[in-house]
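# Examination of the molecular architecture
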Amino acid sequence: MSPSSSEERSDDPSKYDGDFGVPQICFCGKQLELVERLIGDQKKTFLKCPMSGQDDNYHVDKGWDLAVHEQCFCIDKRFGEHRELIQNAFKFGGDSNRLQINQIRAEIEDLKDRLDKKDAEIARFMDALGKK
């Protein structure tokens, strides 16, 4: 990732919201850089806006591991929401399907009864016609 002084802020919110992945663009529209800093005796990687620390606190400057952790948290949250939606769809859809199947079975039984009555009525008419 390299900064570009001519880049302007994009209207694509996925570049600013942690829900849409590890950010690549700062809120100001500048490309984020991966920079290493020595913290204690360890090197840490940060996502940093080239404008960070110059004029206000609205520029991205956070640990890369934190950005990845935020993304994993968002993915896990969405996975849970989708799992719940799928389970509810099967749960409620299953009840709905069972209800529809039971209604269809009742209609079939009613039609069978009506057919049996019609068959009996036709048989009586045939007997009556045969006796004449």
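Use the structure listed above.
All residue numbers refer to position in the chain's written sequence, counted from 1. The predicted origin of the model limits local features to residues at a pLDDT of at least 70 and limits the giving and counting of side-chain atom pairs to 80 or more, whereas totals for whole chains, interfaces and linings rest on all residues. As a convention, hydrogens and water are excluded, and side-chain values are obtained from all of the structure's heavy atoms.

### Looking at the overall build of the protein
- Summing up its helical and strand segments, the protein has one helix and three strands in all.
- The order of helices and strands in the protein, counted from the N terminus, is β-β-β-α.
- To sort residues, take the accessible area from a 1.4 Å probe on protein chains only and compare it with the maximum for the residue type: under 20% means buried, over 50% means exposed, and anything in between is partly exposed. Counting the 132 residues in the protein, one finds 18% classified as buried.
- When checking whether two residues touch, look at their non-hydrogen atoms; a contact exists if any pair is within 4.5 Å. Of the contacts formed within the protein by residues at least 6 apart in sequence, a portion of 32% connects residues at least 24 apart.
- As displayed, the protein offers around 10700 Å² of accessible surface, 55% of which is attributable to carbon and sulfur atoms. Helix and strand definitions here come from DSSP, where helices need a minimum of 4 consecutive H or I residues and strands a minimum of 2 consecutive E residues; each element is numbered from the N-terminal end. For every accessible area listed, the method is Shrake-Rupley and the probe measures 1.4 Å; residues are considered covered only by the protein chains on display.

### Quick word on the pattern of salt bridges
- By convention in these notes, a salt bridge is any Lys or Arg side-chain nitrogen within 4 Å of a carboxyl oxygen on Asp or Glu. Inspection of the entire model under this criterion finds four salt bridges.
- Asp61 is paired through a salt bridge with Arg37; the nearest N and O atoms lie 2.8 Å apart. With a gap of 24 residues between them, Asp61 in strand β3 (residues 61-63) and Arg37 in strand β1 (residues 33-39) connect regions that are remote in the sequence.
- A relative accessible area of 34% places Asp61 in the partly exposed class.
- With its nearest N and O atoms 3.9 Å apart, the salt bridge here joins Glu109 to Lys112. Remark: Lys112 and Glu109 occur in helix α1 (residues 64-131); sequence separation between them is three residues, near one turn of the helix.
- Here Glu109 falls in the partly exposed class, since its relative accessible area comes to 43%.

### Points about the state of the cysteines
- Any two cysteine sulfur atoms within 2.5 Å of one another count as a disulfide. Here the structure, examined in full by the defined rule, presents zero disulfides.
- For the unlinked cysteine Cys49, the closest cysteine sulfur is that of Cys26, found at 3.6 Å.

### Some points on the nonpolar core
- To qualify as a nonpolar core, a set must consist of buried Ala, Val, Leu, Ile, Met, Phe, Trp, Tyr and Cys residues joined through side-chain atoms within 4.5 Å. Counting residues in hydrophobic clusters, the biggest one holds six residues: Cys26, Leu32, Leu47, Cys49, Val60 and Ala67.
- Aside from chain neighbours lying at most four places away, what touches Ala67 is Val22, Pro23, Leu47 and Lys62.

### Quick notes on a nonpolar patch on the surface
- The patches described consist of residues with a relative accessible area above 30% and no salt bridge, like charges being joined within 9 Å and nonpolar side chains (Val, Leu, Ile, Met, Phe, Trp, Tyr) within 5 Å. On the surface, Ile122, Met126 and Leu129 cluster together into a nonpolar patch covering about 350 Å² of accessible area.
- Inspection of the secondary structure assignment puts Ile122 in helix α1.

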